[in-house]
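# Summary of the model geometry
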Amino acid sequence: MIDITIIREQTDRVKAACKSKNSSVDIDEILRLDSRKREVQGKLDELNRLRNEAAKEKNIEQGKALKVESALLEPELAVLEETLKDLLWKVPNLPSDDTPVGKDESANVVLRQWGTRPEFSFKPLDHETLGVKLGIVNKEAASNVSGARFAYMLGGLVLLEQAMVQYVLSILTDELALKSIAEKAGLDVQPTAFIPVMPPMMIKPDVFEKMARLHPTDERYHIPSDDLYLIGSAEHTLGPLHMDETFKAEDLPRRYAAFTPAFRREAGSYGKDTHGLLRLHQFQKLEMESFTTAEQGIAEQDFFVAIEEHINQQLGLAYQVVMTCTGDQGDPDARHIDIETWMPGEGKYRETHSADYMSDYQARRLNTKVKIDGKNQLVHMNDATAFAGRTLVAILENYQQEDGSVMIPEVLRPFMGGRTVVK
């Protein structure tokens, strides 16, 4: 949620942001409701002042009359507040100054590329074909058990995923490694280590709403008997960890990392990416989340992207960094950056990582603050992918051999008991 003061004072900017983010929320109606709410609140404040004076003067009759007058206005104020809140929560975050304006992903901008795409002396296979041949992917059995868009991962692929988790956590919990990454990227950020977390896999609807990630609800798995939702990513329950709390300035940045299942109905994507492991209803992901001051916010996102790039570089995977345009951002995002990794089986780059900077949008809903120089301010929040299943896809396709085997990247071998091939 953005500050109502910004809507009042920078109305044209907010309207432009809504248009560029394909949002149809009525800003003029928000301003009308806000004006009426302040008018009614002012009348109630004045009536309360007069009631206090009447009480001091022991004017009982006047006090009763003023109380009746107040009672007539209070229901209107309650309706105004609730209606205004519902509309305010639909206003998307304002995009950062460097976010490109565009209707959809066609307006996204490639910021940089790294690495050399592998060349093969044979026609490279896609990851599902490789996985089936190696006996490490079985979607047919999963379909019989759970339906479409589920998969069994077996044997070496499971070990590879666990190796990735251990490897990435070894970086995120090492301040010296983080300091080196920050210095290489030219970033002035504190190399505070990430705290590993095992968060809840379910979330209350009101908290999900505060995270601005509940909608569209048809993308979520809901458990009606308990009125709980399965999370679509670890940040959904990492973000509210400090709901209604106030940090000390010296405690920021506070960083967390969590490896969890992610559950997504993919309701609007039937017929798209049905092959392999690219778009499943359930997958695993290691997510980063952080809380910073406003001044640290954008640098923190750049740091998260630097970590993502470092991991891809150590794995030897060619990639490109993409700044997404306004129309391809989520509503809470002020700035959104993707990393797309080269997939030889498809012959194109595919998104493997994302990094979302929300400024104070989520924190205002969650009431998460930091005390600086004796004054409370809203924190700024970031989340980003440290590792997800699509990186496994990239490893399978980029490290495949002519005999159908898949080599294991060197940095992962110590976490796989010295194995050199996936089997």
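Right above here is the structure, for reference.
Here we summarise the structure given alongside this text. Keep in mind that this is a model prediction, so the values were computed, not measured.

Counting its secondary structure elements, the chain contains 13 helices and 18 strands. Each of the three principal axes of the chain carries a C-alpha extent, and together these read 95 × 50 × 35 Å. In the chain, which comprises 423 residues, the share counted as buried stands at 49%. A fraction of 72% describes how many contacts in the chain between residues 6 or more apart in sequence connect residues 24 or more apart. A total of about 20,000 Å² of accessible surface is found on the chain, and carbon and sulfur atoms cover 49% of it. One way to put it: in the chain the 51 positive side-chain charges average out to a point 2 Å from where the 67 negative ones average out.

Right, let's talk about helix α11 (residues 297-315) for a bit. For α11, with 19 residues, the first-to-last C-alpha span of 28 Å sits near the 27 Å given by 1.5 Å per residue. In terms of residue burial, α11 counts as a mostly covered element, since 14 of its 19 residues are buried. Within two residues after α11, Gly 316 carries a phi angle of roughly 75°, on the positive side.

Moving on, we get to the pattern of salt bridges. On inspection of all chains with the given rule, the structure shows 20 salt bridges. The salt bridge partner of Glu 39 is Arg 36, with a shortest N-O separation of 3.1 Å. With Glu 39 and Arg 36 both in helix α3 (residues 27-56), this residue pair falls three residues apart, about one helical turn. By relative accessible area, Arg 36 is classed as partly exposed at 23%. One salt bridge connects Glu 287 with Lys 285, and the closest N-O pair in it is separated by 2.6 Å. Comparing Glu 287 with Lys 285, the two get one shared label, buried. When salt bridges with common partners are traced through the structure, they connect Arg 36, Glu 39, Lys 43 and Glu 76 into a single cluster.

Below, the discussion takes up α3. For α3, built from 30 residues, the straight-helix expectation of 44 Å at 1.5 Å per residue is met to within 8% by its first-to-last C-alpha distance of 43 Å. Among the residues of α3, those classed as buried are Ile 27, Ile 30, Leu 33, Asp 34, Val 40, Leu 44, Leu 47 and Ala 54. Just downstream of α3 lies Lys 58, where phi reads positive at about 60°.

Taken together, the side chains of Asp 104, Glu 105, Asp 328 and Glu 351 make up a negatively charged region of the molecular surface. For Glu 351, the position within the fold is in strand β13 (residues 348-357).

Judged by pairing direction, the sheet is mixed, and its three strands sit side by side in the order β8-β14-β15 without closing on themselves. At either margin of the open sheet sits one strand with a lone partner, and together these are β8 (246-248) and β15 (375-378). Direction aside, the axes of adjacent strands within the sheet are offset by 40° on average. Pairing of β8 with strand β14 (residues 369-372) involves three bridges; the strand directions are parallel. In the sheet register, Thr 246 faces β14, and the bridge partner there is Lys 369.

Two measures describe an aromatic ring pair: the distance that separates the ring centres and the angle between the ring planes. Evaluated as defined, the whole model comprises eight aromatic pairs. Aromatic side chains Phe 120 and Phe 122 sit 5.2 Å apart centroid to centroid with 65° between the ring planes, which places their arrangement in the edge-to-face category. Taking the centre distance of 5.6 Å and the plane angle of 40° together, the rings of Phe 247 and Phe 291 count as tilted. A residue pair is termed long-range when its members are at least 10 positions apart, and Phe 247 in strand β8 and Phe 291 in strand β10 (residues 282-292) qualify at 44 residues. For the residue pair Phe 247 and Phe 291, the accessibility class agrees, reading buried in each case.

About the cut-offs
Residues numbered from 1 in each chain as written. Predicted model: local features only at pLDDT ≥ 70, side-chain atom pairs only at ≥ 80, totals over all residues. Heavy atoms only, no water. Helix = DSSP H or I, 4+ residues; strand = E, 2+ residues; numbered from the N terminus. Buried < 20%, exposed > 50% of the residue type's maximum accessible area, 1.4 Å probe, protein only. Contact = heavy atoms within 4.5 Å. Areas by Shrake-Rupley, 256 points an atom, 1.4 Å probe, with all protein chains shown as cover. Lys, Arg positive; Asp, Glu negative; His and termini not counted. Charge placed at Lys NZ, Arg CZ, Asp CG, Glu CD. Expected span 1.5 Å × (residues − 1). Salt bridge = Lys/Arg side-chain N within 4 Å of Asp/Glu carboxyl O. Patch = residues over 30% accessible without salt bridge, like charges linked within 9 Å, V, L, I, M, F, W, Y side chains within 5 Å. Pairing = 2+ DSSP bridges. Axes fitted to C-alpha atoms, helices over the stretch in contact; angles between N-to-C directions. Phe/Tyr/Trp six-rings, centres within 6.5 Å; stacked < 30°, edge-to-face > 60°.

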